[in-house]
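Examination of the molecular architecture
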Amino acid sequence: MSVRTTSSPSPEFSYVEDVSPGSGALPPRAWYASSDAASLSLNGSWRFRLSATADAEDDSFAGRGYDCGDWAEVAVPGHWVLQGDGAFGAPIYTNHLYPFPVDPPRVPTRNPTGDHLRHFDLPDDWPDVADAKGAAGGAVLRFDGVESCARVWLNGTDIGEFKGSRLPHEFTVGHLLKPTGNVLAVRVHQWSAGSYLEDQDQWWLPGIFRDVTLLHRPAGSALDFFVHASYDHREGTGTLRVDSDVDGRILVPGLDIDVETGQAITVPVRPWTAETPYLYDATLVTPGERVPLRIGFRTVVLEDGLIKVNGRAILFRGVNRHEWHPEHGRALDLETMREDVLLMKRHNVNAVRTSHYPPHPAFLDLCDEYGLWVVDECDLETHGFTEQAWRDNPVDDDRWTPALLDRAARMVERDKNHPSIVMWSLGNEAGTGRGLTAMAEWIRGRDGSRLIHYEGDWNCRDTDVYSRMYADHAEVDRIGRGQDGGPAKRRQLPFIQCEYAHAMGNGPGGLADYQRLFEAHERIQGGFVWEWIDHGVEDERYGFAYGGDFGEELHDGNFVCDGLVFPDRTPSPGLLEYKKVVEPVRMEGDGVDGVVRIANRHDFADLSALAFEWSYEVDGETVGTGVLTVPALAPGDSADVKLPEPPVDVRQTETRWTVRAVLAGDTAWGPKGHVVAWVQLWRAPRQLIGVTARRRPVLDGRGRITLGPAVFAARTGEPATVGGIDVIGLKLDAWRAPTDNDEGAPWQPDIRHGVLWRKLGLHRMQHRLDAVELSDDALTVRTRVAPAASDLALRTVYRWTSDGTRLKLAVSVTPEGDWQVPLPRLGVRLGLTAADRVRWHGGGPGEGYPDTDSASMLGRWESSVDDLQTPYVRPQENGARADVRWAEIGRGPDFPALRVEGGLPFWFTARRWTSEQLDAARHLTDLTPGDTVWVNLDHGQQGIGSQSCGPGPLPRYQLAVGPTEFSFVFSEINS
Ligand code: IPT
């Protein structure tokens, strides 16, 4: 046994805790793929050995001839904690807490360290490696992303170490390469000084998670180059100048350009915008290689206090995108990246903030190609220092400034040639400090053609835009009106919400109200919903796992599942709502006059890519369709367009127009016919149905009351059957399984309804029966609904009448006591034993709540009960269909079914478990269907809001307690 007398870790491991960004790497440069220089992907299966500490093993594994025969294997790119079936540790989720003691730059002794080994031969056609000399020639080894710190050896030679997980690092290796039997050894430490700069709200996932590539660098190859391609919107010309470290020529065949690098040329061009992403194919030719380029001409400026591109102010309809794949974590393949871009385009999203680090570079190529505005954010967040009032924050400590500047440079140099990037973001939630100023100054000096963003400094010392997160509607309105005060500089700046509308679980609510403000005030240039995707980890125990599911000591639960798409990228209702709210064509009008006002809300595109279709519906049934001729309106323009004569003019039932703007032809991102925007306009309103009370309730000798088609239990006054359909437990219901937005975030100072509801006991209401009364034309059941230990109550009277075939229930609710909170819901619930299909006329096809119902389109819909459920990763209230006129639920396709018509439109929900079971479940796998389908018919629902990290529902969407009456008509139908 040896006794250690040296410090731990020993000096040769001191780089791990060194604040410096690393040593040995080449200066950062543009990321590109040569068309003729050879390259070799080193992705694939690597040998792997995991140690518990940074210094457990020496470097003997790095030499040639080392026998790694008993090592495990991991896939590169990948995170080792997501491989090996738990043998390699597990992911950890924290929002902002560092999962280790805060003592910068020191990290824990227990520092999972993965030694990775890859053996490779050069391909036969690899150019002669013996010629390779110096930094400019030979070969370069590139790592696109390693979390969080790596030391690299090639054929036994230590070539350097680096930090900066989501940034590229390159090393000159030509002089070390052999034709065969090369050994690449990479030691990766989970924790390092760099971890203090990477405290983003996400899983901590060590590993080589992006590509590893060997690039041949022939003599005279391009090193770094900077494409400057501006657009003069007054002249319609573009000016191109490509500065290159190695002189060469730039060829742009589409523009007849053939100029030397460094030389500017101005020619008429088609500009690039996110809506019209026109790219010119070009080639940079240096003596040693040809580099294909895609050039987009556009100019970004801050002018008149606005962000303008090509002379026009833009409006961000954005999302925050973390890189996520449910199996592979942040190791994304190209198809997954493309899927993100296509989904965004198809849902009217026009902007991405790459929260909170530069994405895989291929994603930016896709943004250029399909058209998305990008705010490229640096890999920097020190949020955990908020726990100590930002004391020792690295961004305000000069010792860390070189690391910050290194990160800024690696982002800007790698990504500078993307037209899609309009702003550089210094990072996220890092407080304020000199280091940020140094980054901003360096970026401005290097690239004056883009704006600078950072949210953490509300004084906007270093930024070109006033950016905030989760400001409520009232504050956004004040900012839009310029009534927010603030320092002089800030008052001159445009405003964006870099994060808003927290899409955790069911929600976000209030999007439409935000959008109205964004569109009303010029100063407000839109926002970015938090966030794009739920970071659920595919897990056979739970379906998708979240924080705490891996036994983490500290974690933030399902706060990591707050996206507009589920972990498998299925759009959630929140994304459909966002699509509708930000639709770039706004239609309004009057279905009686038959006029639609169509406004083009694009910033650049006219409407020539769209076709317009109308349909005409009677009681939800489409009875006619046609095409509407709409001029190719310029952006910002609008026109009144006349609808045709209605195909039939029924006045005694609800009739309406639906007008859709669809893609006129296939585009790069969507097929012909894809719906971009829509509106519904009434021709004739719905007529209320009446049931004349013509039947008398009859008590028989067997404890039953018969009324029209229904039989009731005389003792409880509850219906037992309607026609041939068994009904159980019909009662007033005011409880819903709180949503994440109901529960709110623990730090929220405001009233958190979900918490108050539970405290009050709304989930354990007792129903006291006071009377069952029979009169000539009605059965009246009087009850008092209240939780134990409280004097608050809802006096509830059920009044049943029938005309012989139909059964009407009129409910009247009279509150008692001083209710200080809104109700989760108010309606009746009932159980049906034989039901699995639903048809309805109302909002659909998906769910809708008071402040999330923009995308809910009125129509006739049909679904299985199972498909009505929205699979939020943490189970919670979901699946209500809004504005339902009538619904039929039965065992399909051969109904008989119970038909329910609402006196007023209502919310319809049906599920194979109770709200209480839904509330108790932590994962979808906890929900097991029972024999009964529980149906909720709600007169009211509480809004959703965004309080899991923002404001709660606006007052007008809250379900205030007050005397309330509502009714439903039940009947049995056979179809
Ligand atoms: C904000 C963070 O910037 C983001 O990373 C994420 O954590 C989001 O919140 C919540 O999901 S910070 C917020 C606590 C103000």
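What you are looking at is a predicted structure, and each value in this text was computed from that prediction instead of being measured.

Reading the values: rules and limits
- Residues take numbers from 1 onward in each chain, read along the sequence in its written order.
- Only residues with pLDDT of at least 70 get local features here, since the model is predicted, and only at 80 or more are side-chain atom pairs given and counted; chain-wide, interface and lining totals rely on the full set of residues.
- Excluding hydrogens and water, the side-chain values take into account all heavy atoms of the structure.
- The way it works is that DSSP assigns letters per residue, a run of H or I at least four long becomes a helix, a run of E at least two long becomes a strand, and they are numbered from the N terminus.
- The reference for a compact globule is 2.2 Å times residues^0.38; the radius of gyration itself is calculated from the C-alpha atoms.
- Throughout this description, buried means an accessible area under 20% of the type-specific maximum (1.4 Å probe, protein chains only), exposed means over 50%, and partly exposed covers the range between.
- Only heavy atoms matter for contacts: two residues are in contact if any of them lie within 4.5 Å across the pair.
- Under the rule applied, a polar contact is a pair of N or O atoms within 3.5 Å (in protein, one hydrogen donor and one hydrogen acceptor; residues adjacent in sequence only if both atoms are side-chain atoms).
- To get an axis, a line is fitted to the C-alpha atoms, and for a helix only the part in contact is used. The angle between two axes follows their N-to-C directions and goes from 0 to 180 degrees.
- Each helix crossing is assigned a hand: it is left-handed if the near helix lies turned anticlockwise from the far helix by less than a right angle, otherwise right-handed if that turn is clockwise.
- Under this grouping Gly is polar, as are all residues other than the nonpolar Ala, Val, Leu, Ile, Met, Phe, Trp, Tyr, Cys and Pro and the charged Asp, Glu, Lys and Arg.
- Being near a molecule or strand, for a residue, comes down to having at least one heavy atom within 4 Å of it.
- Using a 1.4 Å probe, the Shrake-Rupley method yields the accessible areas, and only the shown protein chains count as cover for residues.
- Buried Ala, Val, Leu, Ile, Met, Phe, Trp, Tyr and Cys residues that are joined via side-chain atoms within 4.5 Å together make up what is termed a nonpolar core.
- Here a strand pair is declared whenever DSSP counts at least two bridges between the two strands.
- When a carboxyl oxygen of Asp or Glu lies within 4 Å of a side-chain nitrogen of Lys or Arg, that pair is called a salt bridge.
- Reported domain spans reflect what an automatic or database domain assignment gives.
- Once two parts are brought into contact, the accessible area they lose, counted with a 1.4 Å probe and summed over both, makes up the buried area.
- In predicted models, pLDDT denotes the confidence assigned by the predictor to each residue on a 0 to 100 scale.
- In this scheme, patches are assembled from residues that exceed 30% relative accessible area and form no salt bridge. Like charges are connected within 9 Å, while nonpolar side chains (Val, Leu, Ile, Met, Phe, Trp, Tyr) are connected within 5 Å.
- Note on charges: Lys and Arg go in the positive column, Asp and Glu in the negative column, and His and the chain ends are not counted at all.
- Charge positions come from single atoms, namely NZ of Lys, CZ of Arg, CG of Asp or CD of Glu.
- Put simply, two rings from Phe, Tyr or Trp (the six-membered ring, in Trp's case) pair if the centres are within 6.5 Å, and we call them stacked under 30 degrees between planes, edge-to-face over 60, tilted for the rest.
- Ring-over charges, as used throughout, are those where CZ of Arg or NZ of Lys falls within 6 Å of the ring centre and within 35 degrees of the ring normal.

**Some remarks on the overall build of the chain**
Counting its secondary structure elements, the chain contains 11 helices and 58 strands. Here the chain has a C-alpha radius of gyration of 32 Å; the compact-globule value for 975 residues is 30 Å, and the two agree. Overall, the C-alpha framework of the chain stretches about 105 × 80 × 55 Å when taken along its three principal axes. Going through the 975 residues of the chain one by one, you find that 61% of them count as buried.

**Regarding helix H7 (residues 511-520)**
Summarising burial for H7: 8 of the 10 residues are buried, a large majority. Every buried residue belonging to H7 is among Leu511, Ala512, Asp513, Tyr514, Gln515, Leu517, Phe518 and Glu519, and all of these are buried. Packed against the buried residues of H7 are helix H5 (473-480), strand E32 (495-500), strand E33 (524-529), helix H8 (573-581) and strand E36 (585-590).

**A word on the environment of Arg541**
Counting through the fold element by element, Arg541 comes out in the loop between strand E34 (537-539) and strand E35 (543-545). The spatial distance from the C-alpha of Arg541 to the C-alpha of Leu493 is 50 Å, given a sequence separation of 48 residues. Each residue touching Arg541, except ones within four places of it in the same chain, is listed here: Asp549, Phe550 and Thr925. A polar contact of 3.0 Å, which involves the side chain of Arg541, links it to the backbone oxygen of Asp549.

**What to know about the packing of helix H3 (residues 401-415) against helix H4 (residues 434-446)**
It is the contact of H3 with H4, at a shortest axis distance of 9 Å, that shows an interaxial angle of 35°. For the crossing formed where H3 meets H4, the hand is right-handed. Of the residues in H4, those in contact with Thr401, Leu404, Leu405, Ala408, Ala409, Met411, Val412 and Glu413 of H3 are Gly435, Leu436, Ala438, Met439, Trp442, Ile443 and Arg446. Per-class residue counts for the contact of H3 with H4 are 11 nonpolar, 2 polar and 2 charged.

**A closer look at the site of the ligand**
Taken together, 15 residues lie around the ligand, and Asp201, His356, Asn428, Glu499 and His502 are the ones closest in. Within the contact set of the ligand, an oxygen atom lies 2.8 Å away from a side-chain nitrogen or oxygen of Asn428. Between the ligand and Glu499, the relevant distance is 2.7 Å, taken from an oxygen atom to a side-chain nitrogen or oxygen of the residue. Across the complex, the protein chains shield 89% of the 390 Å² of accessible surface that the ligand would expose by itself. Taken together, the residues of the shell around the ligand sort by class into 6 nonpolar, 5 polar and 4 charged.

**A short note on the nonpolar core**
With 151 residues, the main nonpolar core has Leu141, Leu184, Leu214, Met587, Ile598 and Phe612 as its most contacted residues. With 6 residues, the single largest contributor to this core is helix H2 (residues 361-370). When sequence neighbours within four positions are dropped, the list of residues in contact with Phe612 reads Val585, Met587, Ile598, Leu607, Gly626, Val627, Leu628, Val630, Arg660 and Ala661. Listed in part, the 53 residues of the second largest apolar core include Ala734, Leu779, Trp800 and Leu809.

**A look at the packing of helix H1 (residues 334-346) against H2**
Between H1 and H2, the shortest axis-to-axis distance is 10 Å and the interhelical angle comes to 35°. You can see that H1 and H2 cross each other, and the crossing is right-handed. Judged by residue contacts, Leu334, Met337, Arg338, Asp340, Val341, Leu342 and Lys345 of H1 engage Ala362, Phe363, Leu366, Glu369 and Tyr370 from H2. Grouping the amino acids of the contact of H1 with H2 by side-chain chemistry returns 8 nonpolar, no polar and 4 charged.

**What to know about the sheet that holds strand E40 (residues 638-642)**
Strands sit in the order E36-E37-E40 across an open sheet of 3 strands; the sheet is antiparallel. The sheet terminates laterally at E36 and E40, the two strands that pair on one side only. Pairs of neighbouring strands in the sheet enclose a mean axial angle of 25°, with direction left out of account. Note: strand E37 (residues 595-600) against E40, 5 bridges, orientation antiparallel.

**Brief notes about the sheet that holds strand E42 (residues 675-684)**
One open sheet holds the 4 strands; their spatial order is E39-E38-E41-E42, and the pairing between them is antiparallel. Two strands close off the open sheet at either side, each with one partner strand: strand E39 (621-628) and E42. On average, adjacent strands in this sheet sit at an angle of 20° to one another, irrespective of strand direction.

**Remarks on H2**
What sets the pattern is the α-helix's 3.6 residues per turn: residues three or four places apart point alike. The element H2 is largely enclosed, with a buried count of 8 among its 10 residues. Check the buried side of H2 and you find it contacts H1, strand E27 (351-353), strand E28 (373-377), H3 and strand E29 (421-425). One or two steps after H2, the chain reaches Gly371, where phi turns positive at roughly 95°.

**Description of the pattern of salt bridges**
Side chains carrying opposite charge are able to pair once their charged atoms draw close together. Tallying each qualifying case throughout the model produces 87 salt bridges. Note that Asp700 is salt-bridged to Arg704, the shortest N-O span being 3.1 Å. Accessibility expressed as a relative area gives 23% for Asp700, which makes it partly exposed. When the shortest N-O distance is used, the salt bridge between Asp836 and Arg891 registers 3.9 Å. Taken as a pair, Asp836 in the loop between strand E52 (825-832) and strand E53 (837-844) and Arg891 in the loop between strand E55 (881-890) and strand E56 (897-911) lie far apart in primary sequence, 55 residues in all. On the accessibility criterion, Arg891 (44% relative accessible area) is partly exposed. The structure contains a network of salt bridges with shared partners spanning Glu147, Arg166, Glu198, Arg330, Asp379 and Arg407.

**Description of the domain arrangement of the chain**
Parsing the chain into structural domains produces domain 1 (11-216), domain 2 (225-298), domain 3 (302-580), domain 4 (584-684) and domain 5 (702-974). Tallying the contact residues gives 16 residues for domain 3 and 13 residues for domain 4. A buried area of about 1,400 Å², summed over both sides, lies between domain 3 and domain 4, and 49% of it is on carbon and sulfur atoms. If you sort the residues of domain 3 by the area they bury against domain 4, Arg312, Glu519 and Lys580 come out on top, with a joint share of 34%. Scanning the region where domain 3 abuts domain 4 turns up 2 salt bridges. Between Arg586 and Glu519 there is a salt bridge, with the nearest N and O atoms lying 3.1 Å from each other.

**Some details on the confidence of the model for the chain**
Should pLDDT be low for a region, the predicted coordinates there are not to be read in detail. Per-residue pLDDT for the chain has a mean of 96; in total, 98% of the residues score no lower than 70. The low-confidence segment residues 132-137 (pLDDT under 50) makes 11 contacts with residues lying over four places distant or belonging to another chain.

**As for a negative patch on the surface**
A surface patch of negative charge is lined by Glu327, Glu339, Glu538 and Asp568. By the element assignment, Glu339 lies in helix H1.

**Some points on the packing of aromatic side chains**
For the coordinates displayed, the defined rule picks out 37 aromatic pairs. Ring geometry for Tyr98 against Phe100: centres 5.4 Å apart, planes inclined by 40°, an arrangement best described as tilted. By relative accessible area, Phe100 is classed as buried at 5%. Each residue in the set Tyr98, Phe100, Trp191, Tyr196, Trp204, Phe385 and Trp400 is aromatic and connected to the rest through ring pairs, giving one cluster. Across from the ring centre of Trp458, 3.6 Å away, lies the NZ or CZ of Arg468, which sits over that ring.

**Looking at the side chain of Thr261**
Within the secondary structure, Thr261 sits in the loop between strand E19 (257-260) and strand E20 (265-268). In this structure Thr261 comes out as buried when scored by relative accessible area, which is 12%. Setting aside its immediate chain neighbours within four residues, Thr261 contacts Val242, Ser244, Val246, Asp247, Gly248, Arg249, Ile250 and Leu284.

**Digging into unusual backbone geometry**
Following Trp530, the chain continues to Glu531 via a peptide bond in cis, the omega torsion being -5°. Here Glu531 shows up in the loop between E33 and E34. The peptide bond linking Gly844 to Pro845 adopts the cis configuration, its omega dihedral lying at -5°. Tracing the backbone through its elements, the reader meets Pro845 in the loop between E53 and strand E54 (857-864). If you check the backbone angles, Asp256 has positive phi at about 55° while not being a glycine. Assignment of secondary structure puts Asp256 in the loop between strand E18 (249-252) and E19. Relative accessible area serves as the criterion here: at 75%, Asp256 is assigned to the exposed category. Its identity is not glycine, yet Ala389 carries a phi of approximately 50°, on the positive side.

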